[in-house]
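Examining the three-dimensional arrangement
Chain by chain, the residues:
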Amino acid sequence: LELTGYLRSIMFELRAPVWHETDLPTALEDYALTFEEKQGLPILFQACGEDPGASMPDEVRTAVYRILQESLSNAWKYAQAEQVEVTLELRGDRLCLEVHDDGVGFEVESHLGGHVGKGRLGLVSMRERAGEVGGTCEIESEPDQGTRITVDVPLVTPKRVDGVA
């Protein structure tokens, strides 16, 4: 019975939302609420702006969803956080996701530098996911100051003018 619950939990984590059935703010909020319920970590979620619908590629939605998953997982596993604040801003031309925890924090450069093979892959993969969709993922943290993950993704492709992008 425990194994069944464990497998369901893993399947929930691995399955991305079906994007034609939901929008990004709803999917992120649903994930945050489910995570809070399962792990007991209070999460304040807020979203502002309108999901641009079909003009936002599914790859962007999935990348942002996966980054939120990793951010919440890290806050729960490593940060000893008592609360996490998640903010999603959807402006016409860009998306910004911010995940801020009140945990123990860490020194970003020494933590990421040379530690990729030592279990620090999650932070690196968040940056890679954002980069794959033309965005950035900044990680700010200091010991005893918590951690702030900021993802910024442009939602429009630059228009070509006279053959130049």
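Here, the structure is the one placed above.
All values derive from a computational prediction rather than experimental measurement. (Residues numbered from 1 in each chain as written. Predicted model: local features only at pLDDT ≥ 70, side-chain atom pairs only at ≥ 80, totals over all residues. Heavy atoms only, no water.)

1. A look at the sheet that holds strand β4 (residues 136-141)
On the basis of which strands lie adjacent, the open sheet formed by 5 strands has the order β1-β2-β3-β5-β4 and mixed pairing. Two strands lie at the open edges of the sheet, namely β1 (43-49) and β4, each paired on one side alone. Between one strand axis and the next, the sheet turns through 10° on average, direction left out of account. Summarising the sheet, strand β2 (residues 84-90) and strand β3 (residues 94-101) pair through 7 bridges and their orientation is antiparallel. Among the inter-strand pairings, Leu 90 is bridged to a residue of β3, identified as Leu 95. Those strands touched by helix α2 (residues 24-39) are β1, β2 and β3, and its axis lies near 175° from that of β1. (Pairing = 2+ DSSP bridges. Helix = DSSP H or I, 4+ residues; strand = E, 2+ residues; numbered from the N terminus. Axes fitted to C-alpha atoms, helices over the stretch in contact; angles between N-to-C directions. Contact = heavy atoms within 4.5 Å.)

2. A short note on unusual backbone geometry
Phi is positive for Gln 80, close to 55°, though the residue is something other than glycine. With respect to the helices, strands and loops of the structure, Gln 80 is situated in the loop between α3 (58-77) and β2. For Gln 80, a relative accessible area of 60% corresponds to the exposed category. Notably, Asp 144 is not glycine yet its phi reads approximately 65°, a positive angle. For Asp 144, the position within the fold is in the loop between β4 and β5 (147-154). A relative accessible area of 65% means that Asp 144 is categorised as exposed. (Buried < 20%, exposed > 50% of the residue type's maximum accessible area, 1.4 Å probe, protein only.)

3. Concerning α2
Look at α2: 22 Å from first C-alpha to last across 16 residues, which is about the 22 Å you get at 1.5 Å a residue. If you check which residues of α2 are buried, you get Leu 24, Pro 25, Ala 27, Leu 28, Tyr 31, Ala 32 and Phe 35. Angular distribution of buried residues about the axis of α2 spans 165°; they occupy a single face of the element. Looking at the residues trailing α2, positive phi occurs at Gly 40, about 75°. (Expected span 1.5 Å × (residues − 1). Arc of directions from axis to C-beta.)

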